[in-house]
Amino acid sequence: MLRDITLGQYYPGESLVHKLDARIKIIATVAFIAAVFIVDNFYGFVIIMAALAAVIGISKVPLKFILRGLKPVFVIILFTFVLNLFMIRGEVLWSLGFLHITKQGLHTAVFLAIRLIFLIIGSSMLTLTTRPISLTDGIEKLLNPLKRFKVPAHELAMMMTIALRFIPTLMEETDKIMKAQQARGADFESGNLMRRIKALIPILVPLFISAFRIASDLAMAMEARCYRGDHGRTRMNAMKIQKRDIAAVALTLFFLAATVAERIVF
């Protein structure tokens, strides 16, 4: 399951979505997240699903690969669904002892589960179609206006990108440690939930050591390449807004306006 995490991974491709400016994709992702929270009914989700399906189709990233990223957070989605299903009062549809499923609870549980799924898939599309270095440059460019307020834009962008990039790396390291301990007789799958959680505790120490080792190797590699932050730094490829980026901004604004209009109308 750890290998199923897609957040932070880059899926190579030459699609139109891959070629878009990183700044435009970051802005579009923020607009998409805002639209997901703006929508308050299932009609709005139809608009969001249509837009997301169009982006996935144009990006040519396999749908199976994208949906695989939902497996690691399935427990969180299920917990949110069950919590809202039984905790919200209203018109009772089914009851068993102290457990009650209400019409309002069922509606809220399904609504929030769909919202979480859209948020995860939409956020994953940003990293799947954007190279880490382009993502860093895009975040830095968007944060540049804050430099006049002494905000270290380059350092913040670098930290955010490294954090995203090393999510799959740490997951792979965790998987290796678990397999190594299973080869020595460790059992992570049998027993109840508490026993499984306790079985994962011995993984934490080697995982922390591995994380510090990876961070040290990265720091040494950056030092060996004379990395000095933003001071005197040049770029091989300058970021330029093209016609396709302007068209993407227009479509994003249209999508955001459609979700707002849908909420007002319905």
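Shown above is the structure to which this text applies.
1. Observations regarding the packing of helix α3 (residues 42-59) against helix α6 (residues 103-128)
Their axes nearest at 11 Å, the elements α3 and α6 cross at an angle of 25 degrees. Relative to α6, the element α3 is oriented roughly parallel. When the axes of α3 and α6 are compared, the crossing they make is left-handed. Seen from α3, the contacting residues are F42, F45, I48, M49, L52, V55, I56 and S59; seen from α6, they are H107, V110, F111, I114, R115, F118, I121, G122 and M125. Considered class by class, the residues forming the contact of α3 with α6 number 13 nonpolar, 3 polar and 1 charged.

2. A look at the nonpolar core
Core analysis: the largest hydrophobic core is formed by 19 residues, its most contacted members being F32, I48, I66 and F118. Looking at this core, the elements with two or more residues in it are α2 (22-38), α3, α4 (63-67) and α6. If you tally residues by element for this core, the top one is α6, at 6 residues. Grouped together as the second largest cluster of nonpolar side chains are 7 residues, L135, L143, A153 and A157 included.

3. Notes on the packing of helix α7 (residues 132-143) against helix α8 (residues 153-183)
A pair of packed helices is characterised by two quantities: the angle between their axes and the separation of those axes. It is at 8 Å that the axes of α7 and α8 come closest, and there the two elements cross at 145 degrees. Pair α7 / α8 crosses with right-handed handedness. Here α7 contributes P132, L135, T136, I139, E140 and L143 to the contact with α8, which in turn contributes A153, H154, L156, A157, M158, M160, T161, L164 and R165. Across the contact of α7 with α8, the residue classes break down as 10 nonpolar, 3 polar and 2 charged.

4. Some details on the pattern of salt bridges
Applying the stated criterion across every chain yields a total of 5 salt bridges. The salt bridge involving R23 is made with D21; its shortest N-O contact spans 2.9 Å. Each member of the pair, R23 as well as D21, is classed as buried. For K179, the salt bridge is made with D175, and the minimal N-O distance between the two is 3.7 Å. Here D175 and K179 lie together in helix α8, a separation of 4 residues that amounts to about one turn. Residue K179 is classed as partly exposed on the basis of its relative accessible area, which comes to 43%. Each of the salt bridges in this network shares a partner with another, and the network as a whole consists of E173, R213 and D217.

5. Observations regarding the packing of aromatic side chains
We describe a pair of aromatic rings using the distance from one ring centre to the other and the angle between the two ring planes. Tallied over the full model, the rule gives 6 aromatic pairs. Note on F42 and F45: the rings are 6.2 Å apart at their centroids and 65 degrees apart in plane angle, and the pair reads as edge-to-face. Pair noted here: F42 and F45 are both in helix α3, with a separation of 3 residues, about one helical turn. Owing to a relative accessible area of 33%, F42 belongs among the partly exposed residues under this scheme. Among the residues examined, F45 registers a relative accessible area of 5% and is labelled buried. Chaining the aromatic ring pairs together yields one cluster made of F42, F45, F111 and F118.

Cut-off values and rules
Residues numbered from 1 in each chain as written. Predicted model: local features only at pLDDT ≥ 70, side-chain atom pairs only at ≥ 80, totals over all residues. Heavy atoms only, no water. Axes fitted to C-alpha atoms, helices over the stretch in contact; angles between N-to-C directions. Helix = DSSP H or I, 4+ residues; strand = E, 2+ residues; numbered from the N terminus. Parallel < 35°, antiparallel > 145°, perpendicular 65-115°, else oblique. Left-handed = near helix turned anticlockwise from the far one by under 90°. Contact = heavy atoms within 4.5 Å. Nonpolar A, V, L, I, M, F, W, Y, C, P; charged D, E, K, R; others polar. Core = buried A, V, L, I, M, F, W, Y, C linked by side-chain atoms within 4.5 Å. Buried < 20%, exposed > 50% of the residue type's maximum accessible area, 1.4 Å probe, protein only. Salt bridge = Lys/Arg side-chain N within 4 Å of Asp/Glu carboxyl O. Phe/Tyr/Trp six-rings, centres within 6.5 Å; stacked < 30°, edge-to-face > 60°.

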